[in-house]
Amino acid sequence: MKTENRFLKPTPVQYLEKLPGGQEIFIKREDLLGFSFGGNKCRIGAAFLEDMRRRGADYMVSYGSRKSNLNRVMAALCRSRKIPCLIISPQEEGVQEDGFNAVLADDMGAERVFCERSAVADTVEDTLRSLKARGYQPYYIYGDAHGMGNEETARSAYRDAYDEIRRWEEKNQVEFQAIFLASGTGMTQGGLLAGRRERGGREEIVGISVAREEKAGAAAVRRYAGMGNESICFETDYRCGGYGIYDAGIENVIQTMMERHGIALDPVYTGKAYAGMLRWLDRYGDKIRNVLFIHTGGLPLYFDYLNKRMEVER
Ligand SMILES: *Cc1c(COP(=O)(O)O)cnc(C)c1O
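Residues numbered from 1 in each chain as written. Predicted model: local features only at pLDDT ≥ 70, side-chain atom pairs only at ≥ 80, totals over all residues. Heavy atoms only, no water.

Quick word on the environment of D247
- If you trace the backbone, D247 turns up in the loop between β9 (233-235) and α8 (248-261).
- Given the relative accessible area of 36%, D247 is considered partly exposed.
- Sequence-wise, D247 and P267 are 20 residues apart; in three dimensions their C-alpha atoms are separated by 8.7 Å.
- For D247, the side chain forms a polar contact with the main-chain nitrogen of G249, separated by 3.1 Å. (Helix = DSSP H or I, 4+ residues; strand = E, 2+ residues; numbered from the N terminus. Buried < 20%, exposed > 50% of the residue type's maximum accessible area, 1.4 Å probe, protein only. Polar contact = N/O pair within 3.5 Å; in protein donor to acceptor, adjacent residues only side chain to side chain.)

As structure tokens, this is what we get:
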């Protein structure tokens, strides 16, 4: 087993429920991965760390919002391995709300560099240059300053997870006709698609977009999958107005999941994706019997959500 992946054990797949349309829903508990609250970013972060070591680099440079799950995991992974970690974050308009992910990343000693959204590439370049001038060999997770070139590393994480799913199906004699997940940057869906291609799988892999519109979102998934123009299932009808925006339907799904199964979903990713999946299956799912929903984690965002509700009630 690869050294950086020691905490990555196959995650449980649980049976959840039968929908009114007859589909049987199973859930893969990536939220139970055993490092810093789990989630898909554990696998992806471990892949980046492994790649960084392979290249002989000694300074981790990550990118994403203050509230990003990836950066919480990157900061924690680097801290536990005594690797310095710097996070470049785009300055958002309006008030900057901090969530638990931001606090956790700060507590794990991650350095922050903020930049305008229009100046990301310049900021990445400047940051890498100044680290080199200080004698470090920095590693930027996304590749070049424009965020291209390291797709293979990101892809490898969920290509492996796809194999894990196939092994579970074989062992349990269950065949999924569709796999659903929250799709953001496209790294996770892209990896699953790459795995499906390698293994000759035939199930639908449906990414429920949590933010991006069709064109940019699908292009990113294809890029991470290493695909050309083949059709993919990147669904933009359930975005609810954009990143972080949710409605009563999504809140209801979060409440119901906790009541029935004791599983936490958050309104930004997993709750939005599960709500989207239910509507998708209602529209297109009449030939589908077994469905796998991938719980991609993001537990700190569930607590952000509870926090927000407490503030309203106070
Ligand atoms: C990042 C994230 C996603 C989306 O994964 P991508 O690889 O960025 O598409 C889904 N769910 C959670 C909880 C995440 O943190």
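The structure having been displayed, the exposition proceeds.
A few points about the layout of surface pockets
- Estimated volume of the largest pocket: approximately 1,000 Å³.
- As for the largest pocket, its lining consists of 41 residues, and the residues nearest its centre are Y63, Y142, G184, T185 and R212.
- For the lining of the largest pocket, the secondary-structure elements that each account for two or more residues are α1 (40-54), α2 (69-80), β7 (178-183), α6 (187-199) and α7 (214-225).
- Of the residues assigned to the lining of the largest pocket, the class counts are 17 nonpolar, 18 polar and 6 charged.
- Lining the lining of the largest pocket are residues from two domains, each supplying at least three of them: domain 1 (4-39 + 158-313) and domain 2 (41-140). (1 Å grid on protein atoms, 1.4 Å probe; cavity = no way out; pocket = protein on both sides within 12 Å on 5 of 7 lines; lining within 4 Å. Points joined across faces, edges and corners; volume = space filled by probe spheres on them. Nonpolar A, V, L, I, M, F, W, Y, C, P; charged D, E, K, R; others polar. Domains from an automatic or database assignment.)

Structural notes on the environment of L49
- Following the sequence through the fold, L49 ends up in helix α1.
- C-alpha of L49 to C-alpha of S130: the two residues are 81 residues apart in sequence and 21 Å apart in space.

A few points about the sheet that holds strand β6 (residues 138-140)
- One open sheet accounts for 4 strands, arranged β5-β4-β3-β6; its pairing is parallel. Of all the strands in the sheet, just β5 (111-115) and β6 have a single pairing partner and so form its edges. Strand-to-strand twist across the sheet, computed as the mean angle between neighbouring axes with direction ignored, equals 25°.
- Sheet analysis places strand β3 (residues 59-63) next to β6, joined by 3 bridges and oriented parallel. (Pairing = 2+ DSSP bridges. Axes fitted to C-alpha atoms, helices over the stretch in contact; angles between N-to-C directions.)

Describing the site of the ligand
- As a matter of local geometry, the ligand sits amid 14 residues, with K41, G184, T185, T188 and T296 nearest to it.
- Contacts to the ligand include K41, whose side-chain N or O atom sits 2.8 Å from an oxygen atom.
- Within the contact set of the ligand, an oxygen atom lies 3.3 Å away from a backbone nitrogen or oxygen of M187.
- Protein coverage of the free-state accessible area of the ligand, which is 380 Å², stands at 98%.
- One can see that the ligand is located within the largest pocket.
- Looking at the shell around the ligand, the elements that each hand over two or more residues are α1, β7 and α6.
- When grouped by side-chain class, the residues that make up the shell around the ligand number 3 nonpolar, 10 polar and 1 charged. (Near = heavy atom within 4 Å. Areas by Shrake-Rupley, 256 points an atom, 1.4 Å probe, with all protein chains shown as cover. Sits in = over half its atoms within 2 Å of the grid points.)

Observations concerning the pattern of salt bridges
- This structure, assessed with the given rule, holds 20 salt bridges.
- We note a salt bridge from K18 to E24, for which the minimum N-O separation is 3.9 Å.
- Because the salt bridges share partners, they merge into one network encompassing K28, E30, R43 and E164. (Salt bridge = Lys/Arg side-chain N within 4 Å of Asp/Glu carboxyl O.)

Examining the nonpolar core
- Within the largest apolar cluster, 67 residues are counted, with the highest numbers of intra-cluster contacts made by F48, M60, I141, Y142, F176, L192 and L292.
- No fewer than three residues from each of domain 1 (4-39 + 158-313) and domain 2 (41-140) sit in this core.
- Of all hydrophobic cores here, the second largest spans 34 residues; its members include I208, C233, I263 and V291. (Core = buried A, V, L, I, M, F, W, Y, C linked by side-chain atoms within 4.5 Å.)

What about α8?
- Along its 14 residues, α8 runs 20 Å from first to last C-alpha, staying within 8% of the 20 Å computed at 1.5 Å per residue.
- Within α8, burial applies to I250, V253, I254, T256 and M257. Buried residues of α8 fall within an arc of 170° about the axis and therefore sit on the same side. Opposite the buried face of α8, by more than 90 degrees, sit the exposed residues A248 and E259.
- Buried-residue contacts for α8 involve β1 (13-18), α9 (270-284) and α10 (299-313).
- Sitting at the head of α8, D247 places a side-chain oxygen 3.1 Å from the backbone nitrogen of G249.
- Looking one or two places after α8, you find G262, whose phi comes out positive at around 65°. (Expected span 1.5 Å × (residues − 1). Arc of directions from axis to C-beta. Contact = heavy atoms within 4.5 Å.)

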